[in-house]
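# Summary of structural features
Chain by chain, the residues:
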Amino acid sequence: MGSLFFTDTQLEAIAGALGDTSSGLTGSEIGFLLSASQISDVDPTATKRVRIYNAVAGDQNHRQSRVHILAFIRKSMKPERYVSNPDRFELMRGRLNQALLFAGLAVDHSGVLQEVTHVRTIAESRMRAQELRADLVKRGVHEDILKFCKEELLVSNYFHAVMEAVKSIMDKLRSKSGLNDDGASLIDKSLSGEHPLVRINTMSTDSEKSEQKGFANLLKGVAGMFRNTTAHEARIHWTMSKDDAEDLLSMASLIHRRLDKAHIQENM
C-alpha cells in the first residue's frame, strides 16, 4: 500500500491522533493493540502519544517496513470496538485522517484503510476538508450550524457534521424551553400539545396549529434519523455524500431560524 515507510513527522501525527487525550486510545487499548500487531511496546510508562510514537517508529526502523504499523491502524479503527461510543470512532477517524492524508491514506466510514490522493501542505488538506463549509456559507446557513460543526466540517466528516448540527438544535430548544430533556421527550414537552412552551407562531388559527404540529414532527424525524442512530453499528457504515450533507444542514439551518423567532409560553 503506497510507500514502504512513514516519515517521522507522519508517525508523530498518527501517534498524536491515536493517542489524543480526549478521544484517543486508552493505555490498556494501546498495549493490547500493539501486541496484537506484533509491535514491541518499548516505552509503556510514557504519555500515550510518546508511547505510540516510540513503538511504531522503533518497529519501522527495525523492520524497514510499515506493514505492522498499518496493521496497528486497522486494528485501532475497527468500528466494532466503538459500538458503545460511535462518536469516539468518528472523532478519532477525523483526527487520524488529517495525519494520514499526508501519506496518501485515509480511513473510511467503515473503518477500512485505503489509498487516497496525497496532500503535501496543510493548506491543501484544509482546502479539501473545507469544501463543504464553503458551500454552506454560500447557501447562507445559520451561524449556529457553522459554530457547532467547526471541527467536523474541517475534516469533511459529513455524517458527523449533520449529527452535531442536530445536537445544536436540541441545545437551542433546551435553552428556549428551560427543559433538560433530549430527543422526542424534549420535543414533545416543548413543542407539542395544546399549550406548548415554545411556539413558532401565535397558534391562533387551525393552520398555525397545524404548522406547529408539523414543526414538532419535523424535529422528531430529524432527531430520530441522526441522534437516535448513534447507538447502532449500522450508523458507522452509512456513507453520506456532500450533496446530502448540504441539504440536511440547510434543513437544520431552517429549524434554527424558526426557533430563533419562536416565543415562549409561560407555564399555565
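Look up a bit, the structure's there.
Note that the structure is predicted; figures quoted are calculated from it, not measured.

## Considering the overall build of the protein
- A tally of helices and strands in the protein yields 14 helices and four strands.
- Looking at the protein as a whole, 46% of its 268 residues qualify as buried.
- Considering only contacts in the protein between residues 6 or more positions apart, those separated by 24 or more positions represent 62%.
- With an accessible surface of roughly 13,100 Å², the protein has 51% of that area assigned to carbon and sulfur atoms.

## Focus on the side chain of Ser-190
- Mapped onto the elements, Ser-190 comes out in helix H11 (residues 183–191).
- Leave out the neighbours within four places in its chain, and Ser-190 touches Leu-173, Ser-177, Leu-179, Pro-196, Leu-197 and Val-198.

## What to know about unusual backbone geometry
- Positive phi, close to 55°, is recorded for Gln-64, a residue that is not glycine.
- By the element assignment, Gln-64 lies in the loop between helix H3 (48–63) and helix H4 (67–76).
- Relative accessible area serves as the criterion here: at 47%, Gln-64 is assigned to the partly exposed category.

## Some points on the packing of helix H1 (residues 8–18) against helix H5 (residues 86–100)
- Running from amino to carboxyl end, H1 crosses H5 at an angle of 175°, the nearest separation of the two axes being 8 Å. Judged by the inter-axis angle, H1 sits roughly antiparallel to H5. Listed contacts from H5 to Ala-13, Ile-14, Ala-17 and Leu-18 of H1 are Met-92, Arg-95, Leu-96, Ala-99 and Leu-100.
- Residues of the contact of H1 with H5, tallied by class, amount to eight nonpolar, no polar and one charged.

## Quick word on the packing of helix H10 (residues 158–177) against helix H14 (residues 242–261)
- Viewed as axis vectors pointing N to C, H10 and H14 meet at an angle of 5°, and their least axial separation amounts to 9 Å. Between H10 and H14, the crossing angle belongs to the class labelled roughly parallel. Two secondary-structure elements touch here, H10 through Tyr-158, Ala-161, Val-162, Ala-165, Ser-168, Ile-169, Lys-172, Leu-173 and Lys-176 and H14 through Lys-242, Ala-245, Leu-248, Leu-249, Ala-252, Ile-255, His-256, Leu-259 and Asp-260.

## Some points on the pattern of salt bridges
- What the rule picks out here adds up to 15 salt bridges.
- Its salt-bridge partner being Asp-20, residue Arg-49 comes within 3.4 Å of it at the nearest N-O pair. One end of the pair, Arg-49, is in helix H3; the other, Asp-20, is in the loop between H1 and helix H2 (27–36), with 29 residues separating them in the sequence.
- Arg-49 gets classed as partly exposed once you look at its relative accessible area, which sits at 40%.
- Put simply, Arg-88 and Glu-29 hold a salt bridge, and the shortest N to O gap is 2.6 Å. In this pair, Arg-88 sits in helix H5 while Glu-29 sits in helix H2, placing the two residues 59 residues apart along the sequence.
- Note on Arg-88: relative accessible area 15%, which makes it buried.
- Overall, Glu-29 belongs to the partly exposed group, its relative accessible area being 25%.

The rules behind each value
- As a convention, each chain's residues are numbered from 1 in the sequence order in which they are written.
- Residues qualify for local features only when their pLDDT is at least 70, as the model is predicted, and side-chain atom pairs are given and counted only at 80 or more; totals for whole chains, interfaces and linings, by contrast, use all residues.
- Only hydrogens and water are set aside; all other atoms, that is, all heavy atoms of the structure, feed into the side-chain values.
- To qualify as a helix, a DSSP run of H or I must reach at least 4 residues; to qualify as a strand, a run of E must reach at least 2; elements of each kind are numbered from the N terminus.
- Summary of the burial criterion: residues with accessible area below 20% of their type's maximum are buried, those above 50% are exposed, and those between are partly exposed, where the area comes from a 1.4 Å probe applied to protein chains only.
- Residue contacts follow a heavy-atom distance rule, with two residues in contact if any of their heavy atoms lie within 4.5 Å.
- Per-residue and other accessible areas were derived by the Shrake-Rupley procedure at a 1.4 Å probe size, with only the shown protein chains allowed to occlude residues.
- Axes here mean lines fitted to C-alpha atoms, for a helix over just the part in contact, with angles spanning 0 to 180 degrees between N-to-C directions.
- The cut-offs work like this: below 35 degrees is roughly parallel, past 145 is roughly antiparallel, 65 to 115 is roughly perpendicular, and the gaps in between are oblique.
- Any residue outside Ala, Val, Leu, Ile, Met, Phe, Trp, Tyr, Cys, Pro, Asp, Glu, Lys and Arg is labelled polar, Gly included; the first ten of those are nonpolar and the last four are charged.
- Think of a salt bridge as a Lys or Arg side-chain nitrogen and an Asp or Glu carboxyl oxygen that are within 4 Å of each other.

Interpretation note: all reported values are geometric properties and have no functional meaning in isolation.
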